[in-house]
Amino acid sequence: MHAPIGMRIGGQRFKDGQWVPPDVFASATPEEKAAIMGSYESVKFDELVKRYDLKGKRVLEVGPYHGYLTGRLAEFAGFVLGIEGKPDNVRIANEALQSQPNARVVLGDVRELSVETHGRWDLIFHCGVLYHLDAPCEHLANVAAMTDTLYLETYYVEEPPVDRAPATQLLGGVEYHGYLWPEYPSKPKSGLQPQSLRLVYDDLLLVLKNVGFLDVEIVTKRQSTKGNWLILMARK
């Protein structure tokens, strides 16, 4: 069964309000998968493969949600492991990945990632999670110990928002600035704690440099109804 063009997988709504089951995505062609994911999701994958050869690589995906990008990564990579904090998301993702033995999603708190627990990886694919964390700088320091290559998609702050409280995080003697955002832990796409720290753009780049990612390429920057958004590739 092939997926109707324009649908999105994994609980994303189609324009007429219909839900798309995970097996539809699993059986779709690569072209249909791109259409199912939509331009917002597919650009994350498309820009990665322009810059990084996934063949044979071990990839850790942070926060795979329902696994539609996990499956795309697994078509090229040697092995993909997703760490997901919501049990329902883990179940849905693994249903979608049943035909891909080189990919799986496990339940875990991405705030507790460490090289001691999770080892080292060729690439960490980190999309749509950093801005949901309450300690993003500490998290990036842990990520840097686990890989030499980070592919990151996140929201950031450029102009001070009038309705958000400023906050800072101290790491290695440096104070990084951001703003507090509410989170809703019961929702499938929200963070696991009541509020998160969304970093200021310059401080996001600074913490990446300070934890060891000296080569940072801004892949794209956009504005959306949810705020300022970017994709970057960070290498040591």
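Residues numbered from 1 in each chain as written. Predicted model: local features only at pLDDT ≥ 70, side-chain atom pairs only at ≥ 80, totals over all residues. Heavy atoms only, no water.

Enquirer: Looking at this structure, how should I read the overall build of the chain?
Expert: Broken down by element type, the chain carries 7 helices and 10 strands. For the chain, with 236 residues in total, the buried portion stands at 52%. As displayed, the chain offers around 10900 Å² of accessible surface, 52% of which is attributable to carbon and sulfur atoms. (Helix = DSSP H or I, 4+ residues; strand = E, 2+ residues; numbered from the N terminus. Buried < 20%, exposed > 50% of the residue type's maximum accessible area, 1.4 Å probe, protein only. Areas by Shrake-Rupley, 256 points an atom, 1.4 Å probe, with all protein chains shown as cover.)

Enquirer: Even after reading the chapter, I still don't get the environment of leucine 123, so can you show me in this structure?
Expert: Structurally, leucine 123 can be placed in strand β4 (residues 123–127). Distance from leucine 123 to leucine 54, taken between C-alpha atoms, is 8.6 Å for residues 69 residues apart in sequence. For leucine 123, the contacting residues outside a window of four places in its chain are Leu48, Tyr52, Leu54, Arg58, Val59, Leu60, Thr147, Thr149, Leu150 and Tyr151. (Contact = heavy atoms within 4.5 Å.)

Enquirer: Teacher, can you tell me more about unusual backbone geometry here?
Expert: Excluding glycine, residues mostly have negative phi values, and the peptide bonds linking residues are mostly trans. With phi around 60°, tyrosine 65 is a residue other than glycine that occupies positive phi space. Following the sequence through the fold, tyrosine 65 ends up in the loop between β1 (58–62) and α3 (68–74).

Enquirer: Please clarify how the sheet that holds strand β8 (residues 195–199) should be interpreted in this entry.
Expert: Within a beta sheet, neighbouring strands are joined by backbone hydrogen bonds and run either parallel or antiparallel to one another. Across the sheet, which stays open at both edges, the 3 strands sit in the order β6-β7-β8 with antiparallel pairing between neighbours. The open sheet has two edge strands with one neighbour each: β6 (166–171) and β8. Here the average twist between neighbouring strands, direction ignored, is 45°. Packing of helix α6 (residues 136–144) onto the sheet brings it into contact with β6, β7 (174–182) and β8, and relative to β6 it is tilted by some 35°. (Pairing = 2+ DSSP bridges. Axes fitted to C-alpha atoms, helices over the stretch in contact; angles between N-to-C directions.)

Enquirer: Sorry if this is basic, but what is going on with the packing of aromatic side chains here?
Expert: The geometry of an aromatic ring pair comes down to the distance between the two centres and the angle between the two planes. Applying the stated criterion across every chain, the model contains 6 aromatic pairs. When the centroid spacing of 5.5 Å and the interplanar angle of 50° are considered together, the rings of phenylalanine 45 and phenylalanine 76 count as tilted. Residue phenylalanine 45 is found in helix α2 (residues 30–51), and its partner phenylalanine 76 is found in the loop between α3 and β2 (79–84); the two are separated by 31 residues along the sequence. Judged by its relative accessible area of 42%, phenylalanine 76 falls in the partly exposed class. Between tyrosine 65 and tyrosine 68, the ring centres sit 6.3 Å apart and the planes meet at 85°, which makes this aromatic pair edge-to-face. (Phe/Tyr/Trp six-rings, centres within 6.5 Å; stacked < 30°, edge-to-face > 60°.)

Enquirer: Quick question: what am I supposed to make of the side chain of serine 196 here?
Expert: The residue serine 196 is located in strand β8 in this model. At 3.0 Å, the side chain of serine 196 and the backbone oxygen of tyrosine 131 are in polar contact. One polar contact links serine 196 to glutamate 183, side chain to side chain, over a distance of 2.7 Å. Apart from residues lying up to four places away in sequence, serine 196 is in contact with Tyr131, His132, Leu133, Asp134, Tyr179, Leu180, Trp181 and Glu183. (Polar contact = N/O pair within 3.5 Å; in protein donor to acceptor, adjacent residues only side chain to side chain.)

Enquirer: What should I look at first to understand the layout of surface pockets in this one?
Expert: Rolling a probe over the atoms, with the probe sized like a water molecule, indicates the empty space that remains. Roughly 930 Å³ of internal volume is contained in the largest pocket. Looking at the largest pocket, it is lined by 40 residues, and the ones nearest its centre are Gly128, Tyr131, His132, Lys189 and Ser190. Within the residue set of the lining of the largest pocket, elements represented by two or more residues are α2, α3, β5 (149–156), β7 and β8. Sorting elements by how many residues they give to the lining of the largest pocket places α2 first, with 3 residues. For the lining of the largest pocket, a count of residues per class yields 16 nonpolar, 11 polar and 13 charged. As a volume, the second largest pocket reaches approximately 160 Å³. Forming the walls of the second largest pocket are Tyr156, Val157, Glu158, Glu159, Pro161, Asp163, Trp181, Arg198, Gln223, Lys226, Gly227 and Asn228. Its residues assigned to classes, the lining of the second largest pocket comprises 4 nonpolar, 3 polar and 5 charged. (1 Å grid on protein atoms, 1.4 Å probe; cavity = no way out; pocket = protein on both sides within 12 Å on 5 of 7 lines; lining within 4 Å. Points joined across faces, edges and corners; volume = space filled by probe spheres on them. Nonpolar A, V, L, I, M, F, W, Y, C, P; charged D, E, K, R; others polar.)

Enquirer: Please explain the nonpolar core as it appears in this structure.
Expert: In summary, soluble globular proteins display a tendency toward joint burial of nonpolar side chains. Grouped together as the largest cluster of nonpolar side chains are 32 residues, with contacts concentrated most on Leu60, Leu113, Ile124, Leu150 and Leu204. Of all elements in the fold, only β1, β2, α6, β5, β8, α7 (201–210) and β10 (227–235) reach the threshold of two or more residues within this core. Each residue touching isoleucine 124, except ones within four places of it in the same chain, is listed here: Leu60, Val62, Val143, Met146, Thr147, Thr149, Leu150 and Tyr151. (Core = buried A, V, L, I, M, F, W, Y, C linked by side-chain atoms within 4.5 Å.)

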